[in-house]
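Okay, here's what each chain looks like letter by letter:
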Amino acid sequence: MHLKHPGSSTVALAFSRFNGLRRTQQIANLITKHLEILATAEEIQLKYPQQRLLFSKFCSSTSLSNMAAPEETLQLNGTKEEDQEKKKKKEEKAREKELKKLKAAQKVEAAKAQAGKGSQPSKKAEQKAAKKAAEDENQEHYQDPPTPLGEKKRLAPEMAKAYNPSAVEAAWYEWWEKSGFFVADANSKKPPFVIVLPPPNVTGALHIGHGLTSSIEDTIIRWRRMSGDNALWVPGMDHAGIATQVVVEKKLMRERGLTRHDLGREQFNAEVWKWKDEYGGKILNQERRLGASLDWSRGCFTMDDKRSKAVTEAFVRLYKEGLIYRDHRLVNWDCILRTAISDIEVDYIDIKGRTLLKVPGYKSPVEFGVLTSFAYPLEENLGEIVVATTRPETMLGDTAIAVHPADQRYMHLHNKFAIHPFNRRKLPIICDAELVDPNFGTGAVKITPAHDPNDFLVGKRHNLEFINIFSDDGIINSNGGKEFEGLKRFDARVTVIEALKSKGLYRGAENNEMRLGTCSRSDDIVEPMVKPQWFVNCSDMGREACEAVEDGRLEIIPKQFEADWFRWMRNIRDWCISRQLWWGHRVPAWYVTLEDDDLKEFGVYVDHWVVGRNEVEALTEAGTKFPGKKYHIEQDQDVLDTWFSSGLFPFSVMCWPENTADMKTFYPTSLLETGHDIIFFWVARMVMLGMKLTGEVPFKQVYLHPMVRDAHGRKMSKSLGNVIDPLEVINGITLEDLHKRLERGNLDRNELDIAKAGQKQDFPNGIAECGTDALRFSLVAYTAQSDKINLDIQRVVGYRHWCNKLWNAIRFAMLNLGTDFLPSENLDVKSLPCGCKWILSVLNKAISKTVTAMEVYDFSSATSAVYSWWQYQLCDVFIEIIKPVMSADDNNSTSASVKRVTRDTLWICLDNGLRLLHPFMPFVTEELWQRLPQRLGDSSRKESIMISDYPTVIKEWIDDEIESQMVLIESSVRSLRSLRMAYLLLPKQRPEAFLLCKTDEVATVVEKGATEICTLASLASLKVLRESDVPPVGCAVNIVNEHLSVYLLLRGIVDAQLELSKLEKKKEELIRQQEAVTKKMNIPGYRDKVPANIQEENLSKLNKLMAELSIVEEANENFEKLLADSS
């Protein structure tokens, strides 16, 4: 009787597929989830034998699913074969890793045993110690010597044994920049490809959103540069009007006890420029840490002379076309910043009912979400009319009460008046069917035209009086009455309610759902106020921007954002572009005061404004407008919205309005890449202004990347402690230092405690040093996650480990290529060994997939293609199968010939693979590429990988037949490895194997790949059997597909009786623990008295024990079967 692995028969296989598969996968998932817990000695108190046992059960549980034929597995789970292959390989690698751990544990215990016997160290141990001592003495051979700033990096004679990101990333950037590799040539004949970096605020510091933007854009620009384009990536910095002014004002108050008004406008702006030169722009230097290959020679600032000229020119042209106008209109007013803000700078909070919120400038929280009712007395003793409002303080500015014209309750009050209880002002009762819903509340609405958007329109329709009751800083002014003048607006709210109560007019309050507008800059509650402002008429420009998308001149990627674009553009409101600040582009408009004007107040006459590029031009305009009049002019004190200058950025960076060489060559730009959150802040305005002022869409495509959230999907917030600084991921940081960063902020004690707890939960050991390359690759790979990225730092850590894999691959190559290796100029692909043909063919596929994905900005697929080739095909297969070739005797002419072409193939793979990967991971690829041997006298090789050619598909490498054969070989290896894992074979144990083939075609393939199978599956020998042959007794079997089965000879290798004994002890211990937990959970009153978190812990513990027990029982069946078949 020959030995069979459970499930090897057709019946068992069918059971595995349809009945056992789900259970097996559930067990595997549970083990994956609890692997770390199970390995913790503290919690489970396992020693080496039990650890080994546990791992064996894990392997056994997963081996059944591996037995299903690939084609049938595909039908069952609906996934692509390629994805399934990757998954299996990952599982195998994880299991191999665990086996290595077990082996290490064996060695530790053996060492302890040796130490206990007091034995002398072995000769092998002595040799190992001597080798280590020699390496320690020659550390300088592994350490890079210092490199003078800007020179090409000087590399150590020998590669370090492990990848060190800080060492690898040193010196390369400075050399790239000094060498001019980032600079584009306006006179080049190459096709231009242009991106402008979204200009970060001058006050800003690098955050993870910048990290994502920079990673994506640099990946694109490096790929385009290597692909032969005249690639230009323009850096810039935004003056950030509000943010910068606030920073400098705080600095003045903190250091000198002065306000900007103490200094005056001119001196204050001088202080801002001084601050900008000293501290501003820090973020652009941080971009260098991310490897951003920006053309720094074209760097600009939105308030430098050339950009300021562009802003003035744009304003003058739009004004002359009638698109910019001045008007008294309701705006969103920020009482803290004392300036108007645009609609899209208003954030909204949904409030369900009575809510207390912190408001800047108030010591105590302010109440919102309450609808207050009060009565207005009517004239002629007609009684009263009750109204309701969520803002009682605004009643001081009421100028009417509106009712529905058809509302029978108020028919008798049409054209009557209510009397204001505090100032005796007469308020007309007006009819307005457009505003009033007779079924809501009392059906009567108070009208405050100067402080409510809807009331403003009512006031216009009925020609009502507009009474502003607030000063610019939110204080009740004289229009509010002496009783309330000088009160802050929300303090006045309380005072007004008390005053109404004292007059017997208060009618109660109730919860009310509402949306509360707050300023995204200051967090202040937005106050609608009527102010004279400058506006841009956006109606026609918005329509033209829609047409550009509809006719294909502008492509929005992902396409899902087109709907948002159309919805916003088709309902666009006029844009308020003036701001009551000192820092920014001053509005190029002058007010003309005529000598014979009745009113001399600045700005009182709307038709007295002139616009010009400078004061001389403004004087000329004034003379033309008011011929023969005596006058003087004064420039508007306001500045322009920061987004106005940013909206000109794609062409102002080319020095528009001048027709420069850059403007001719690089405009329109190729791509605008940014976050989808500023599609209306910035993207829409660039499109409208670009089309209007240059006649062309400013870029051909817009790629909108996702927003970065934490691993739990939460928005990053200082108060949650989940904000991730890219530099902390690059350099690494301890938990203690993360806490210190929080403490330097402005969180209150409660918020600080919550934030620290969040950091401790997410980063219990701090953040490991990951390096720039791992962070970039992670962020770019994450872009597949729809409109949000849930960033898990452990994934970045995983890619940092992968960098070490790349490092070791090159290190292996350098050791095996030898110091005298020179790559061949020509390689006869047809004469190559099968393994070499295969790796070149799949390299071709990887190149094709990567380029195709990059062309449509599918960065996730691009990173997947590159990663899969390096990880699963080059490192896991090719490098492994060529190890015997590399160690073969050079004296044998055949072996020497095979070794030579294998070395050439390896060099080609590494050269192409590093160039393929470079746009994603610039530093490690440059360092490794520079270490590769060069062809003698190769004039085509570039000085740097970043200016080398990007790999292209080579038709001669395509070999579908070899790839198909290799799929069968790899499937055989996986099946053999699965058996090895199931029966706990250690790497040094190399059993015999037999492959039973049912067709000649399959037999030919596996015979041809026998060497590769032996190498990859760690076999002593491999024999191919035909259908009539019988495998020897004592074999475990696994089915590859309907034409091929693999047999592993285990007789004399596995002691089934010993393993069963260990399993029995483990089973008894698990049952004991399970009964103890169950007993706890069954005590009377458990559900009511035991805290919920303890109940959750107990349930989790019980589930874990049950999963372990299930694995032990399944493993027990395996070994019993083996024992029975061996008897």
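Above this note sits the structure.
These numbers come from a predicted model, not from an experiment.

**A short note on the sheet that holds strand β18 (residues 527-536)**
So, step 1. Within the open sheet, the 4 strands sit side by side as β6-β5-β18-β20. Their pairing is antiparallel. Looking at which strands have only one partner, the edges of the open sheet turn out to be β6 (339-341) and β20 (575-576).
So, step 2. Note that β18 and β20 share 2 bridges and pair antiparallel. Pairing of F535 across the sheet is with C576, part of β20.

**Quick word on the sheet that holds strand β23 (residues 609-611)**
So, step 1. The strand order β23-β22-β24 describes an open sheet built from 3 strands, whose pairing is antiparallel. The two strands at the open ends of the sheet, each matched to only one other strand, are β23 and β24 (631-635). Each neighbouring strand pair of the sheet contributes to a mean axis angle of 35°, computed without reference to strand direction.
So, step 2. In this sheet, β23 lies alongside strand β22 (residues 589-594) in antiparallel orientation, the contact comprising 3 bridges.

**A short note on the nonpolar core**
So, step 1. Counting residues in each nonpolar core, the largest one holds 166 residues, and the members touching the most others are L791 and W870.
So, step 2. If we ignore the near neighbours within four places in the chain, the residues touching W870 are W802, L806, A809, I810, C875, L910, G913, L914 and L917.
So, step 3. Residues V194, V587, F666 and V683 belong to the second largest nonpolar core, which totals 68 residues.

**Comments concerning helix α13 (residues 282-289)**
So, step 1. For α13, the full list of buried residues reads I283, L284, Q286 and E287. Along α13, the residues classed as buried sweep out an arc of 155° about the axis, all on the same side.

**What to know about the pattern of salt bridges**
So, step 1. Counting across every chain of the model gives 65 salt bridges.
So, step 2. One salt bridge connects R567 with D564, and the closest N-O pair in it is separated by 2.5 Å. Separated by 3 residues within a single helix, R567 and D564 lie in helix α18 (residues 562-570), roughly one turn from each other.

**Examining the side chain of T394**
So, step 1. Its place among the elements puts T394 in the loop between β11 (384-389) and β12 (400-403).
So, step 2. Owing to a relative accessible area of 2%, T394 belongs among the buried residues under this scheme.
So, step 3. Aside from chain neighbours lying at most four places away, what touches T394 is T389, K446, T448 and I469.

**Observations concerning the packing of aromatic side chains**
So, step 1. Within the structure shown, the criterion is met by 37 aromatic pairs.
So, step 2. Note on F777 and Y799: the rings are 4.9 Å apart at their centroids and 65° apart in plane angle, and the pair reads as edge-to-face. Here F777 is found in helix α27 (residues 771-781), whereas its partner Y799 is found in helix α28 (residues 793-817), with 22 residues between them in sequence.
So, step 3. We classify F777 as buried; its relative accessible area is 0%.
So, step 4. You can call Y799 buried: its relative accessible area is 13%.
So, step 5. Here Y799 and Y867 contribute two aromatic rings whose centre-to-centre distance is 5.9 Å and whose plane-to-plane angle is 85°, an arrangement assigned as edge-to-face. Here Y799, found in helix α28, pairs with Y867, found in helix α30 (residues 859-886); they are 68 residues apart in sequence, far enough to count as distant.
So, step 6. Through a chain of ring-to-ring contacts, three or more aromatic side chains come together here, namely F315, Y319, W534, Y591, F602 and W609.

Reading the values: the criteria
- Residues numbered from 1 in each chain as written.
- Predicted model: local features only at pLDDT ≥ 70, side-chain atom pairs only at ≥ 80, totals over all residues.
- Heavy atoms only, no water.
- Pairing = 2+ DSSP bridges.
- Helix = DSSP H or I, 4+ residues; strand = E, 2+ residues; numbered from the N terminus.
- Axes fitted to C-alpha atoms, helices over the stretch in contact; angles between N-to-C directions.
- Core = buried A, V, L, I, M, F, W, Y, C linked by side-chain atoms within 4.5 Å.
- Buried < 20%, exposed > 50% of the residue type's maximum accessible area, 1.4 Å probe, protein only.
- Contact = heavy atoms within 4.5 Å.
- Arc of directions from axis to C-beta.
- Salt bridge = Lys/Arg side-chain N within 4 Å of Asp/Glu carboxyl O.
- Phe/Tyr/Trp six-rings, centres within 6.5 Å; stacked < 30°, edge-to-face > 60°.

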